[in-house]
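A look at the structure
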Number of protein chains: 2
Amino acid sequence: MDQKQLSAKIALDTFTGQVSRAGKVIDALTDEQLAGEISPGRNTGTYLLGHLTAVHDAMLPLLGIGHRAHPDLDEPFLKNPDKTDLPKPGITALRTAWKEVNDILTSKLSALTPDQWYERHTAVSEEDFAKEPHRNRLNVVIGRAGHLAYHLGQLALLKS
Amino acid sequence: MDQKQLSAKIALDTFTGQVSRAGKVIDALTDEQLAGEISPGRNTGTYLLGHLTAVHDAMLPLLGIGHRAHPDLDEPFLKNPDKTDLPKPGITALRTAWKEVNDILTSKLSALTPDQWYERHTAVSEEDFAKEPHRNRLNVVIGRAGHLAYHLGQLALLKS
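Residues numbered from 1 in each chain as written. Chains lettered and ligands numbered in written order. Predicted model: local features only at pLDDT ≥ 70, side-chain atom pairs only at ≥ 80, totals over all residues. Heavy atoms only, no water.

1. Examining the relation of the copies chain A and chain B
Relating one copy of the chain to the other takes a rotation about an axis and a shift parallel to that axis. Defined as follows: Superposing the copies works by least squares over the C-alpha atoms of residues that have pLDDT at least 70 in both of them. Two residues qualify as a contact provided that any one of their heavy atoms is within 4.5 Å of a heavy atom in the partner residue.
Superposition record for chain A on chain B: RMSD 0.0 Å, screw rotation 180°, translation along axis 0.0 Å. With respect to symmetry, the two chain copies, as superposed, fit the operation of a two-fold axis. Nearest to the rotation axis, the C-alpha of Y150 of chain A is located 2.1 Å from it, this being the minimum over chain A. Mapped onto chain B, 100% of the interface residues of chain A again fall at the interface, so both copies present the same surface.

Structure representation (structure tokens):
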């Protein structure tokens, strides 16, 4: 395995490792626990689950590896804060969407060749990429793993 | 910049980016806020600051780039849970240690050559590294950035 392959493996393992940890925490929470606030007056676990699902769903077009499965999550969970009256899916549907989106993502990411990890993502122009070649898929995936870790530290507070 | 250099840059930027974000959150908290619990009955911000400082301090020998500056933090912040009667530094000393440890780390990591990022860390034997060549410095640094993100999501809850 050369250094290029190693980096791609580390990025994929970092991301899928956090998804797997998050899955265990989320699955261990009852619907009632998940609907609770991570700390008094703060976001609910349900909001964070919707938020994370929307962000991961948006990785598919951002990385140029697929279309969005759940664009309907953006309005209630990405563009707006928690506790609005916006229509939103229930907890069971959110749990299913979370798994579905990450299954697609993991499958698509696992199929990338090492070189493809170093290609630009779709939010950066060819011109900018020539100047900033680190704005590649690898960078996005490691960044999203960090975003997930941030909210996972909060979801873990919902455990009794 | 070749792919090996790009990966090293992404790992370093990922780590220093999280340290910088954490620094802003911690600096914005008063001592009283930092001494509070992230959620009722959970860890205090002070404990998390000591914990993160101990973990980052231990990265120096783990990565083979330096000696520990604060091994005294392990007992109260790593080997034991929060709210013990163990002797521990005060908040001002912890704030200083956090900055000092990350300054040393950032300086040492910045001085690594791209090839050195792909060398084994000291917790893996030569034999195991031959079988698992992804157990390198790059992997450790990205992993610790994720660990920091996890607790940063919790520290952010201390803001008023």
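2. Some details on the packing of aromatic side chains
Residue and element names in this part refer to chain A. In plain terms, the rule: Within 6.5 Å between ring centres, the rings of Phe, Tyr and Trp (the latter by its six-membered ring) count as paired, and their orientation is classed by plane angle as stacked under 30 degrees, edge-to-face over 60, tilted in between. Each helix is a run of H or I in the DSSP string that is no shorter than four residues. Each strand is a run of E no shorter than two, and both are numbered from the N terminus.
Going through the model one piece at a time under the given rule, you end up with two aromatic pairs over all chains. With 5.9 Å between their ring centres and 55° between their planes, Y47 and F77 make a pair best called tilted. Within this pair, whereas Y47 is found in helix α3 (residues 45-62), its partner F77 is found in helix α4 (residues 74-77), the two being separated by 30 residues in sequence.

3. Focus on the interface of chain A and chain B
Here is the rule: Accessible area that two parts lose when put together, with a 1.4 Å probe and added across both, is what the buried area reports. Salt bridges are defined as contacts in which a side-chain nitrogen from Lys or Arg sits within 4 Å of a carboxyl oxygen from Asp or Glu. Any pair of N or O atoms that falls within 3.5 Å is considered a polar contact. Within protein, one atom must be able to donate a hydrogen and the other to accept it, and sequence-neighbouring residues count only if both atoms are side-chain atoms. The classification used treats Ala, Val, Leu, Ile, Met, Phe, Trp, Tyr, Cys and Pro as nonpolar, Asp, Glu, Lys and Arg as charged, and all other residues, Gly among them, as polar.
Contact with chain A, which involves 30 residues of that partner, is made by 30 residues of chain B. When chain A packs against chain B, the two sides together hide about 2700 Å² of surface, and 65% of this comes from carbon and sulfur. On the chain A side of the contact with chain B, Q3, I10 and Y150 of chain A bury the most area, a combined 23% of that side's loss. On the surface where chain A and chain B come into contact, there are zero salt bridges. The interface formed by chain A and chain B includes 13 residue pairs in polar contact (both at pLDDT 80 or more). Broken down by class, the residue content of the side of chain A that touches chain B amounts to 13 nonpolar, eleven polar and six charged.

4. A word on the packing of helix α8 (residues 137-155) of chain A against helix α1 (residues 3-28) of chain B
Applicable threshold: A fitted line through C-alpha atoms serves as each axis, taken over the contacting stretch for helices, and the angle formed by two N-to-C directions is quoted from 0 to 180°. Angle categories are assigned with fixed cut-offs, so that under 35 degrees is roughly parallel, over 145 is roughly antiparallel, 65 to 115 is roughly perpendicular, and the rest are oblique. Left-handed is the label given to a crossing in which the near helix is rotated counterclockwise from the far helix by less than a right angle, and right-handed is the label when the rotation is clockwise.
Two elements in contact, α8 of chain A and α1 of chain B, have axes separated by 10 Å at closest approach and are oriented at 30°. Accordingly, the angle class assigned to the pair α8 of chain A and α1 of chain B is roughly parallel. Considering the relative orientation of α8 of chain A and α1 of chain B, their crossing is right-handed. The residues of α1 of chain B that touch α8 of chain A, namely those facing L138, N139, I142, G146 and Y150 of chain A, are S7, I10, T14, Q18 and R21 of chain B. Of the residues that constitute the contact of α8 of chain A with α1 of chain B, the class distribution is four nonpolar, five polar and one charged.

5. Regarding the environment of G23 of chain A
All names here are of chain A. Going by this rule: Partly exposed describes any residue whose relative accessible area lies between the buried limit of under 20% and the exposed limit of over 50%, with all areas from a 1.4 Å probe on protein chains only and scaled to the type maximum.
By the element assignment, G23 lies in helix α1 (residues 3-28). Accessibility expressed as a relative area gives 15% for G23, which makes it buried. In the structure, G23 is positioned 79 residues away from N102 in sequence and 9.9 Å away in space, judged by C-alpha atoms.

6. Quick look at the side chain of H56 of chain B
Note that H56 of chain B resides in helix α3 (residues 45-62). When near neighbours in sequence (up to four residues on either side) are disregarded, H56 of chain B contacts F15, V19, W98, V101, N102, L105, R144 and L148 of chain B.

7. Focus on the nonpolar core
Note the following rule: In this description, a nonpolar core means a group of buried Ala, Val, Leu, Ile, Met, Phe, Trp, Tyr and Cys residues linked to one another through side-chain atoms lying within 4.5 Å.
Counting residues in each nonpolar core, the largest one holds 92 residues, and the members touching the most others are L109 and W117 of chain A together with L109 and W117 of chain B. Among the elements of the structure, α1, α3, α5 (91-110) and α8 of chain A together with α1, α3, α5 (91-110) and α8 (137-155) of chain B are those that each provide at least two residues to this core.

8. A closer look at α3 of chain B
Residues spaced three or four apart along an α-helix face the same direction, because each turn holds 3.6 residues. Which entries qualify depends on this criterion: For a helix, the expected span equals 1.5 Å multiplied by the residue count minus one.
Compared with an ideal rise of 1.5 Å per residue, which puts 18 residues at 26 Å, α3 of chain B spans 25 Å between its outermost C-alpha atoms and is within 8% of the ideal. Looking at the residues trailing α3 of chain B, positive phi occurs at G64 of chain B, about 65°.

9. Things to note about the side chain of Q154 of chain B
Considering the arrangement of structural elements, one finds Q154 of chain B in helix α8. Engagement of the side chain of Q154 of chain B in a polar contact is seen with the backbone oxygen of G153 of chain A, the distance being 2.6 Å. Polar side-chain contacts of Q154 of chain B include one of 2.9 Å to the side chain of H151 of chain B. With sequence-adjacent residues up to four places away left out, Q154 of chain B is seen in contact with G153, Q154 and L157 of chain A together with I38 and L48 of chain B.

10. As for unusual backbone geometry
Look at K83 of chain A: it is not a glycine, yet its phi comes out positive at around 65°. Inspection of the secondary structure puts K83 of chain A in the loop between α4 and α5.

11. Regarding the pattern of salt bridges
Taken as a whole and assessed by the stated rule, the structure comprises 24 salt bridges over all chains. Linking K83 of chain B and E37 of chain B is a salt bridge whose minimum nitrogen-to-oxygen distance equals 2.9 Å. Taken together, the positions of K83 of chain B in the loop between α4 (74-77) and α5 and E37 of chain B in the loop between α2 (31-34) and α3 put the pair 46 residues apart, joining distant regions of the chain. For E37 of chain B, a relative accessible area of 39% gives the class partly exposed. Note that D57 of chain B is salt-bridged to R68 of chain B, the shortest N-O span being 2.9 Å. Of this pair, D57 of chain B sits in helix α3 while R68 of chain B sits in the loop between α3 and α4; the two residues are eleven residues apart in sequence, bridging distant segments of the chain. Note on R68 of chain B: relative accessible area 24%, which makes it partly exposed. Several salt bridges share partner residues, and in doing so they unite D57, R68 and D74 of chain A into one network.

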